[in-house]
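Residues per chain are reported as follows:
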Amino acid sequence: MPKMKTKSSAKKRFKVTGTGKIKRKHAFKSHILTKKTKKQKRNLTHAGLVDKADEANIKVQLRMK
C-alpha cells in the first residue's frame, strides 16, 4: 500500500496552531493595491483562521483525519 500524501497546495497555504485550529493568510494582497485603502491593506496583512465549515475539508487535505 502506498503512503498517504498530503496535498502540496494545502501544505503550503495552511498551518496548524497548537490548539488544533488552522491558520491561513488573506487573499487580495499581492497586486492592484493602489485602489485599496490603507486600512484594507493593513487588515489583509494579518493571518486569519479557517472557518469551521471548511476546517474538515482542509484537515482531509493535510491528512489529519
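Residues numbered from 1 in each chain as written. Predicted model: local features only at pLDDT ≥ 70, side-chain atom pairs only at ≥ 80, totals over all residues. Heavy atoms only, no water.

For the protein, the name recorded in an unreviewed UniProt entry is Large ribosomal subunit protein bL35, with Lishizhenia tianjinensis as its organism. In the Sequence similarities (unreviewed entry) part of its UniProt record, the protein is described as follows: "Belongs to the bacterial ribosomal protein bL35 family." (UniProt positions renumbered as here; feature names shortened; annotations may be inferred.)

(A) Expanded view of the nonpolar core. Formed by Ala 10, Phe 14, Ile 22, Val 50, Ile 58 and Leu 62, the largest nonpolar core amounts to six residues. If near-sequence neighbours (up to four positions away) are discounted, Ala 10 is found in contact with Gln 61 and Leu 62. (Core = buried A, V, L, I, M, F, W, Y, C linked by side-chain atoms within 4.5 Å. Buried < 20%, exposed > 50% of the residue type's maximum accessible area, 1.4 Å probe, protein only. Contact = heavy atoms within 4.5 Å.)

(B) Here's a closer look at the pattern of salt bridges. With the rule as written, the count across this model stands at one salt bridge. We note a salt bridge from Glu 55 to Lys 59, for which the minimum N-O separation is 3.9 Å. Here the residue Glu 55 and the residue Lys 59 both occupy positions in helix 3 (residues 52–61), the gap between them amounting to four residues, near one helical turn. (Salt bridge = Lys/Arg side-chain N within 4 Å of Asp/Glu carboxyl O. Helix = DSSP H or I, 4+ residues; strand = E, 2+ residues; numbered from the N terminus.)

(C) Highlighting the sheet that holds strand 2 (residues 22–24). Ordered by their spatial adjacency, three strands build an open sheet running 1-2-3, and the pairing between neighbours is antiparallel. The outermost strands of the open sheet, each flanked by one partner alone, are strand 1 (15–16) and strand 3 (48–49). Summarising the sheet, strand 1 and strand 2 pair through two bridges and their orientation is antiparallel. In the strand pairing of strand 2, Lys 15 is matched with Lys 23. (Pairing = 2+ DSSP bridges.)

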